[in-house]
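Listed below are the residues making up each chain.
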Amino acid sequence: RSTLFPYTTLFRSRDFSINGKQYNLPMSIDELLENGWAYKNKEDADKTLYASDTDIVRLTFTQKGEGSASFGVVNHSIDAQPLSKCLVYEIDFSDYFIKNTGAEVKFYNDQFELQKTTMDDVKAALGDPSSTNTSGNSSSLTYRGQGDEEFKVSAYYSFDNHILTHISMQNKLMPDDFEQP
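As the structure is a computational prediction, the values presented were derived from the model and not from experiment.

> Is there a simple way to explain the nonpolar core in this structure?
Grouped together as the largest cluster of nonpolar side chains are 40 residues, with contacts concentrated most on Phe16, Trp37 and Phe93. Look past the residues within four positions of Trp37 in its chain and what remains in contact with it is Ile18, Tyr23, Leu32, Leu59, Thr60, Phe61, Ala69, Phe71, Phe93 and Phe97.

Below you can see the structure in the form of structure tokens.
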């Protein structure tokens with residue numbers, strides 16, 4: 001199989017869910033804030049990004065327990081914008097987040113679940129990865145879509161049981177329906 005996502009797979013792969021609530025990258029940061037998330041650093045609520053700038057923001061999730069996750073945010077506008085007008089283009093969840101919150105994190109049309117899906121499950125559905133990396137007691141599979149840095153999914157696994165322990169998804173493509181603020 002190809003090591004690049006086919007175009008149709010790209011759109012199925014940029015979705016994820018937390019406790020059944022569906023999200024699709026890129027998305028408004030407000031969508032997360034309206035669904036149980038809050039800025040870990042309150043000052044981030046007043047942050048401004050210049051045109052084409054990106055930043056990493058930590059948000060805290062408090063529905064079942066409390067844990068935080070990292071989100072990459074981009075300003076696609078031609079002008080500086082407050083963070084609330086920028087788009088989340090990258091998510092990063094680990095088993096630590098699951099343990100602290102009790103949340104259920106799924107991706108790829110809810111086919112894969114953090115702490116339950118095996119490396120073989122992902123390979124069977126997505127084929128051979130674009131790249132692999134082995135470090136310490138884990139390995140990772142990275143799948144890239146159109147334009148290497150525009151879209152990618154990295155899945156990390158424990159050597160002990162080959163169960164998914166960390167997921168990182170990125171989609172820097174500007175949405176077709178994006179309107180300048």
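Once you've had a look at it, read on.
> Sorry if this is basic, but what is going on with the packing of aromatic side chains here?
What describes a pair of aromatic rings is the distance from one ring centre to the other and the angle between the planes of the rings. A complete count under the given rule lists 11 aromatic pairs for this structure. The interplanar angle of 5° and the centroid separation of 5.7 Å between the aromatic rings of Trp37 and Phe97 together place this pair among those described as stacked. Separated by 60 residues along the polypeptide, Trp37 in strand E4 (residues 37-39) and Phe97 in helix H3 (residues 95-101) bring together distant segments of the chain. A relative accessible area of 3% means that Trp37 is categorised as buried. Ring geometry for Phe61 versus Phe97: centroids 5.8 Å apart, planes at 50°, classification tilted. Linking Phe61 in strand E6 (residues 54-61) with Phe97 in helix H3, this pair joins segments that are 36 residues apart in sequence. Look at Phe61 and you get buried, because its relative accessible area is 1%. Of the aromatic side chains, those joined through ring pairs into one cluster are Phe16, Tyr23, Trp37, Phe61, Phe71, Phe93 and Phe97.

> What should I look at first to understand the sheet that holds strand E10 (residues 105-107) in this one?
Pairing between the strands of a sheet comes from backbone hydrogen bonds, and it takes one of two forms, parallel or antiparallel. In spatial order, the strands read E2-E1-E10-E11; together these four strands make up an open sheet with antiparallel pairing. Each having just a single partner strand, strand E2 (21-24) and strand E11 (112-113) make up the two edges of the open sheet. For strand E1 (residues 15-18) and E10, the ladder comprises three bridges, and the chain directions are antiparallel. For Ser17, the partnering residue across the bridge sits in E10 and is Lys106.

The rules behind the values
- Residues numbered from 1 in each chain as written.
- Predicted model: local features only at pLDDT ≥ 70, side-chain atom pairs only at ≥ 80, totals over all residues.
- Heavy atoms only, no water.
- Core = buried A, V, L, I, M, F, W, Y, C linked by side-chain atoms within 4.5 Å.
- Buried < 20%, exposed > 50% of the residue type's maximum accessible area, 1.4 Å probe, protein only.
- Contact = heavy atoms within 4.5 Å.
- Phe/Tyr/Trp six-rings, centres within 6.5 Å; stacked < 30°, edge-to-face > 60°.
- Helix = DSSP H or I, 4+ residues; strand = E, 2+ residues; numbered from the N terminus.
- Pairing = 2+ DSSP bridges.

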